[in-house]
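What follows is each chain in one-letter form.
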Amino acid sequence: MADNSRRRFLKGSAGVVAGAAIGACAEDRQQAVTNDQPGLDRDLLGAVALIVLPKSALGEAGIKRVTGQFLEWLNGFEPVTELNHPYYSEEIDYGPPDPAPLWAAQLKALDIEAQNRFEKRFIDIDAEQRQYILERQLPDNLPQALPYAGDAPHVAIGLIAYFYATGEANDLCLNAKIGRQTCRGLATSPDKPAPLGD
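Not measured: the values here are computed from a predicted model.

Cut-offs used in this document
Residues numbered from 1 in each chain as written. Predicted model: local features only at pLDDT ≥ 70, side-chain atom pairs only at ≥ 80, totals over all residues. Heavy atoms only, no water. Helix = DSSP H or I, 4+ residues; strand = E, 2+ residues; numbered from the N terminus. Buried < 20%, exposed > 50% of the residue type's maximum accessible area, 1.4 Å probe, protein only. Polar contact = N/O pair within 3.5 Å; in protein donor to acceptor, adjacent residues only side chain to side chain. Contact = heavy atoms within 4.5 Å. Axes fitted to C-alpha atoms, helices over the stretch in contact; angles between N-to-C directions. Parallel < 35°, antiparallel > 145°, perpendicular 65-115°, else oblique. Left-handed = near helix turned anticlockwise from the far one by under 90°. Nonpolar A, V, L, I, M, F, W, Y, C, P; charged D, E, K, R; others polar. Salt bridge = Lys/Arg side-chain N within 4 Å of Asp/Glu carboxyl O. Phe/Tyr/Trp six-rings, centres within 6.5 Å; stacked < 30°, edge-to-face > 60°. Core = buried A, V, L, I, M, F, W, Y, C linked by side-chain atoms within 4.5 Å. Expected span 1.5 Å × (residues − 1).

K.L.:
Looking at this structure, how should I read the side chain of Glu-113?
P.N.:
Locating Glu-113 in the fold gives a position in helix H4 (residues 100-118). Classification of Glu-113 as buried rests on a relative accessible area of 9%. Engagement of the side chain of Glu-113 in a polar contact is seen with the side chain of Arg-117, the distance being 2.6 Å. In contact with Glu-113, not counting residues within four places along its chain, are Ile-133, Arg-136 and Gln-137.

Structural data, given as structure tokens:
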């Protein structure tokens, strides 16, 4: 093999090997993140959701759906990501850490207290007992306004903040099909949004 051909082969091989190694490292890192992240107990979260989300507007099926969407959002959460910053600013802000470990511990604490007080799991006690335990365990310094869900100090507040930031909650509050955060197209933009019942 001529020197030039050998050099081209080595350059090309190095790129392929480096690319494969980077891909493998990224895959290992992703696997490690997935394995290390404690998941939220879906049943416990669902029991909290039945207390804090608007059951009259969503119904039980809607609450279950929103809870599933919240879990999907949390599974895709990227901790301490770089946030948008204003032009001409050298200051870079970063988002919050992963709230899942804290929230998983808070759900477990609800379950432990329910078993200690009532000798039943949190999901098996009645709504009044659930509300009592949840209110007892909420932090004293609750935010005056709903925070970004990822900044919420408690899983119940995170769930509420997540839901009320959605277009669905906006439509329910205004009783109209506004479709915030969706593209309705320019043709219908002058039209008044239809009521939800239509």
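There's more to say after this.
K.L.:
Even after reading the chapter, I still don't get helix H2 (residues 42-52), so can you show me in this structure?
P.N.:
Taken together, the buried positions of H2 are occupied by Leu-44, Leu-45, Ala-47, Val-48, Ala-49 and Val-52. Here the buried face of H2 lies against helix H3 (55-75), H4, helix H5 (127-137) and helix H6 (155-164). Two or three places before Asp-43, at the start of H2, stands the capping residue Asp-41, its side-chain oxygen 2.9 Å from that residue's backbone nitrogen.

K.L.:
Please explain the environment of Asp-98 as it appears in this structure.
P.N.:
Mapped onto the fold, Asp-98 is located in the loop between H3 and H4. The exposure class of Asp-98 is partly exposed, given its relative accessible area of 23%. Once the C-alpha coordinates of Asp-98 and Asp-151 are considered, the two residues, 53 residues apart in sequence, prove to be 9.3 Å apart. In terms of polar contacts, Asp-98 uses its side chain to reach the backbone amide nitrogen of Ala-100, at 3.0 Å.

K.L.:
Please clarify how the packing of H2 against H3 should be interpreted in this entry.
P.N.:
Packed helices, taken two at a time, are described by the angle between their axes plus the distance between the axes. As a packed pair, H2 and H3 sit with axes 10 Å apart at the nearest point and diverge in direction by 125 degrees. With respect to H3, the axis of H2 lies oblique. For H2 against H3, the interelement crossing comes out right-handed. Residues Arg-42, Leu-45, Gly-46, Ala-49 and Leu-50 of H2 form the contact with H3, whose participating residues are Glu-60, Ile-63, Thr-67, Gly-68, Phe-70 and Leu-71. Across the contact of H2 with H3, the residue classes tally to 6 nonpolar, 3 polar and 2 charged.

K.L.:
Just to check I follow, could you spell out the pattern of salt bridges for this structure?
P.N.:
Any two side chains of opposite charge can pair, on the condition that their charged atoms come close. Tallied over the full model, the rule gives 5 salt bridges. As a salt-bridge pair, Glu-113 and Arg-136 come within 2.6 Å of each other at their nearest N and O atoms. With Glu-113 in helix H4 and Arg-136 in helix H5, this residue pair connects regions lying 23 residues apart in the sequence. Judged by its relative accessible area of 44%, Arg-136 falls in the partly exposed class.

K.L.:
Would you mind showing me how to read the packing of aromatic side chains here?
P.N.:
Two numbers describe a pair of aromatic rings. These are the distance of the centres and the angle of the planes. Evaluation of the coordinates by the stated rule reveals 8 aromatic pairs. Measuring from centroid to centroid gives 5.8 Å for Trp-73 and Tyr-162, while their planes differ by 40 degrees, and the two rings are tilted. Within this pair, whereas Trp-73 is found in helix H3, its partner Tyr-162 is found in helix H6, the two being separated by 89 residues in sequence. The exposure class assigned to Tyr-162 is buried, which follows from its relative accessible area of 17%. Consider the rings of Phe-163 and Tyr-164, whose centres lie 5.0 Å apart with planes at 70 degrees: the pair is edge-to-face. Exposure remark for Tyr-164: the relative accessible area of 36% places this residue in the partly exposed category.

K.L.:
Hey, could you run me through the nonpolar core in this one?
P.N.:
If you look at soluble globular proteins, the nonpolar side chains tend to sit buried side by side. Of all hydrophobic cores here, the largest spans 35 residues; its most connected members are Leu-40, Leu-45, Val-48, Leu-53, Leu-107 and Phe-122. Those elements giving two or more residues to this core turn out to be H2, H3, H4, H5 and H6. Residue contacts for Leu-53: discarding those within four places in its chain leaves Leu-58, Ile-63, Val-66, Leu-159, Ile-160 and Phe-163.

K.L.:
Is there a simple way to think about H4 in this case?
P.N.:
Think of an α-helix as turning once every 3.6 residues; residues three or four places apart then point the same way. In this model, H4 (19 residues) spans 27 Å end to end at C-alpha, consistent with the 27 Å of a helix rising 1.5 Å per residue. Along H4, the positions that sit buried rather than exposed are Ala-100, Trp-103, Ala-104, Gln-106, Leu-107, Leu-110, Asp-111, Glu-113 and Ala-114. Buried residues belonging to H4 abut H2, H3, H5 and H6. Once H4 finishes, Glu-119 follows within two positions and takes phi at roughly 60 degrees, a positive value.

These results come straight from atomic positions and should not be treated as a statement about function.
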